[in-house]
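Letter by letter, the chains look like this.
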Amino acid sequence: MQSGFSRRIAPYVEGELANAKRANLAGDAQQEFAYLERSHVIGQESTYWHVKVHILMLVWAVRNRSVREAVGQAFRIVGAATKTAFGLVPSGNTGGANVSPFREMPIGPDLAAMIQKAKSSV
């Protein structure tokens, strides 16, 4: 069962995931991952979306034969599944293995607007 925030943020996360899929179909692995990172930033306060995006990042890592990313994602899936509900997520973190899973990062204005809209909608 998804929380209110999870349902309200869903269209935004799904939009970024659709962009990632288009990039994949176009053969642009780097752009695909960039869209997965955007999905992560906007969905990370929802356990459902947080875990789902990390699983998709793991799939990306396997498909692109990135051992470092795959190991990082396996670790992050466990963290997302067990820590998100308690609010233990670093705001703005893009979710890739290239950054510490504990590092807070700035959120771009377009993504911040999506998050704010989902939080303020009732």
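Residues numbered from 1 in each chain as written. Predicted model: local features only at pLDDT ≥ 70, side-chain atom pairs only at ≥ 80, totals over all residues. Heavy atoms only, no water.

**What to know about the overall build of the chain**
Okay, step 1: Counting its regular elements, the chain contains five helices and zero strands.
Okay, step 2: Here the C-alpha atoms of the chain give a radius of gyration of 13 Å, agreeing with the 14 Å that 2.2 N^0.38 yields for 122 residues.
Okay, step 3: Viewed in the frame of its principal axes, the chain has a C-alpha envelope of about 40 × 30 × 30 Å.
Okay, step 4: Considering only contacts within the chain whose residues lie at least 6 apart along the sequence, 62% involve residues at least 24 apart.
Okay, step 5: Taken as a whole, the chain presents about 6,800 Å² of accessible surface, with 61% of it coming from carbon and sulfur.
Okay, step 6: The averaged location of the 9 negative side-chain charges in the chain is 5 Å from the averaged location of its 14 positive side-chain charges. (Helix = DSSP H or I, 4+ residues; strand = E, 2+ residues; numbered from the N terminus. Rg over C-alpha atoms; globule rule 2.2 N^0.38 Å. Contact = heavy atoms within 4.5 Å. Areas by Shrake-Rupley, 256 points an atom, 1.4 Å probe, with all protein chains shown as cover. Lys, Arg positive; Asp, Glu negative; His and termini not counted. Charge placed at Lys NZ, Arg CZ, Asp CG, Glu CD.)

**Quick look at the layout of surface pockets**
Okay, step 1: Taken as a whole, the largest pocket holds about 300 Å³ of empty space.
Okay, step 2: Lining of the largest pocket is provided by 19 residues; of these, Gly 79, Ala 80, Leu 88, Pro 101 and Phe 102 occupy positions nearest its centre.
Okay, step 3: For the lining of the largest pocket, the secondary structure elements donating two or more residues are helix H3 (47-63) and helix H4 (67-83).
Okay, step 4: Counting residues per element, the lining of the largest pocket draws most heavily on H4, at seven residues.
Okay, step 5: For the lining of the largest pocket, the class distribution of residues is eight nonpolar, nine polar and two charged. (1 Å grid on protein atoms, 1.4 Å probe; cavity = no way out; pocket = protein on both sides within 12 Å on 5 of 7 lines; lining within 4 Å. Points joined across faces, edges and corners; volume = space filled by probe spheres on them. Nonpolar A, V, L, I, M, F, W, Y, C, P; charged D, E, K, R; others polar.)

**Regarding H3**
Okay, step 1: An ideal rise of 1.5 Å per residue puts 24 Å on 17 residues; H3 measures up with 24 Å between its terminal C-alpha atoms.
Okay, step 2: Arg 65 sits one or two positions beyond H3 and adopts a positive phi of about 55 degrees. (Expected span 1.5 Å × (residues − 1).)

**Regarding the nonpolar core**
Okay, step 1: Of all hydrophobic cores here, the largest spans 20 residues; its most connected members are Ile 9, Val 13, Leu 17, Leu 36, Ile 42 and Trp 49.
Okay, step 2: Those elements giving two or more residues to this core turn out to be helix H1 (4-25), helix H2 (29-43), H3 and helix H5 (109-120).
Okay, step 3: Residue contributions to this core peak at six residues, all from H1.
Okay, step 4: For Val 13, the residues in contact, after removing those within four places along its chain, are Ser 39, Ile 42, Gly 43, Trp 49 and Val 53. (Core = buried A, V, L, I, M, F, W, Y, C linked by side-chain atoms within 4.5 Å. Buried < 20%, exposed > 50% of the residue type's maximum accessible area, 1.4 Å probe, protein only.)

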